[in-house]
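As a plain string of letters, each chain reads:
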Amino acid sequence: MSSVSPGNAAGAPQAQPASSVTVSVTRRVEPTRIPDATHWAQQGMDLAGSFPGFLGSGWVRATADSLSWHMLYRFANSELLDAWEGSEERAHWLIDGHDLILDARVEKRTGIEGWFDAPASDDDDVDAAPSFQPPRWKQAVSIGLGFLPTNLAFTLLATWLIPGWHDVDVLPKILVTTLVMAPTMTFLVMPRVTRMLRPWLTRRPAASHPIRH
């Protein structure tokens, strides 16, 4: 298996500047260095969070001793992502992890599609094709299921806690709502919704059969 510097993959598609970019990284960890790799991975997420345009991150393993780790992080646009990926801080971080990572695969997606990435399993080939993406109508349903109760809960709380909330001008009301809803949806709601709906989201459509006369 060839060795690839962690966080780098040739030929990764470039995102358009106008859209947020979700980076999905699957890394295979040196089995004797899992505690060190855990610290290193968290250090990288914390470091990325100090850069402008950072919108959130996370990483998961299938089991406690899994060697295949699935990591996600998101930036507001490709220019800000490029600033992080081309930074000296990230370069030093990658060097620190060179002996911890066996290989890596990187995928980039614009907008909200990264919410629906499925974690890779230990048996996945790091050079395999990108994971199956749910149809957009399923993505829309999932977001709606998360947004509706969250927005309702925020509205009820705001009405209860902020005197005269209904009389606040539309622009500041939308601004406050957005500042609360965006991180809540990104960090708390959507990860739970997609995990709960994962079997439905990842169910591939049944192959159609020709009608016999």
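It should be emphasised that the depicted structure is a prediction, and the values quoted were computed from it without experimental measurement. (Residues numbered from 1 in each chain as written. Predicted model: local features only at pLDDT ≥ 70, side-chain atom pairs only at ≥ 80, totals over all residues. Heavy atoms only, no water.)

Chemist: Help me understand the overall build of the chain, please; the structure alone is not making it clear to me.
Modeler: The number of helices and strands found in the chain is 6 helices and 4 strands. Secondary structure elements in the chain, listed N-terminal to C-terminal, are β-α-β-β-α-α-β-α-α-α. Among the 213 residues that make up the chain, the fraction classed as buried is 36%. As presented, the chain carries roughly 12,700 Å² of accessible surface, and 63% of it is formed by carbon and sulfur atoms. (Helix = DSSP H or I, 4+ residues; strand = E, 2+ residues; numbered from the N terminus. Buried < 20%, exposed > 50% of the residue type's maximum accessible area, 1.4 Å probe, protein only. Areas by Shrake-Rupley, 256 points an atom, 1.4 Å probe, with all protein chains shown as cover.)

Chemist: Hey, could you run me through the packing of helix α1 (residues 34-48) against helix α3 (residues 88-96) in this one?
Modeler: Angle between the axes and distance between the axes are the two parameters that describe a pair of packed helices. It is the contact of α1 with α3, at a shortest axis distance of 10 Å, that shows an interaxial angle of 175°. On the basis of the axis angle, α1 is roughly antiparallel to α3. Across the interface between the two elements, W40, A41, Q43, G44 and L47 of α1 pack against E89, R90, W93, L94 and D96 of α3. Here the contact of α1 with α3 is composed, by residue class, of 5 nonpolar, 2 polar and 3 charged. (Axes fitted to C-alpha atoms, helices over the stretch in contact; angles between N-to-C directions. Parallel < 35°, antiparallel > 145°, perpendicular 65-115°, else oblique. Contact = heavy atoms within 4.5 Å. Nonpolar A, V, L, I, M, F, W, Y, C, P; charged D, E, K, R; others polar.)

Chemist: What should I look at first to understand the environment of E30 in this one?
Modeler: Inspection of the secondary structure assignment puts E30 in the loop between β1 (21-29) and α1. Assessed through its relative accessible area of 22%, E30 is described here as partly exposed. Between the C-alpha atoms of E30 and I101, which are 71 residues apart in sequence, the distance is 5.6 Å. Discounting chain neighbours no more than four positions away, the residues touching E30 are D99, L100 and L102.

Chemist: Is there a simple way to explain the confidence of the model for the chain in this structure?
Modeler: Regions with low pLDDT should not have their predicted coordinates read in detail. Put simply, the chain has an average pLDDT of 75, and 74% of its residues get 70 or more. Confidence over residues 1-18 falls short of pLDDT 50; this stretch has 36 contacts with residues more than four positions distant or in other chains. For the stretch residues 208-213, pLDDT sits under 50, and the model shows 0 contacts to residues farther than four places along the chain or on other chains. (pLDDT = per-residue confidence, 0-100.)

Chemist: Would you explain the nonpolar core in this entry?
Modeler: In summary, soluble globular proteins display a tendency toward joint burial of nonpolar side chains. Formed by 22 residues in total, the largest nonpolar core has its most connected members in W40, W69, Y73, F75, L81 and W84. Going through the elements one at a time, β1, α1, β3 (68-75), α2 (78-85), α3 and β4 (101-110) are the ones with two or more residues in this core. At 6 residues, the largest contribution of residues to this core is made by α1. Dropping the residues within four chain positions of it, F75 is found in contact with S20, V21, A48, F51, P52, G53, F54, L55, L80, L81 and W84. M181, M185, V193 and L197 belong to the second-largest nonpolar core, a separate cluster that totals 11 residues. (Core = buried A, V, L, I, M, F, W, Y, C linked by side-chain atoms within 4.5 Å.)

Chemist: What exactly am I supposed to notice about helix α5 (residues 170-196) here?
Modeler: Taking 1.5 Å per residue, 27 residues should reach 39 Å; α5 reaches only 34 Å between its end C-alpha atoms and comes up short. Most pronounced at M185, the bend in α5 amounts to some 55°. Residues of α5 that are buried: T177, M181, M185, V189, M190, V193 and T194. Taken together, the buried residues of α5 touch α4 (136-161) and α6 (198-201). (Expected span 1.5 Å × (residues − 1). Bend = angle between axes of the 7 residues up to and from the residue.)

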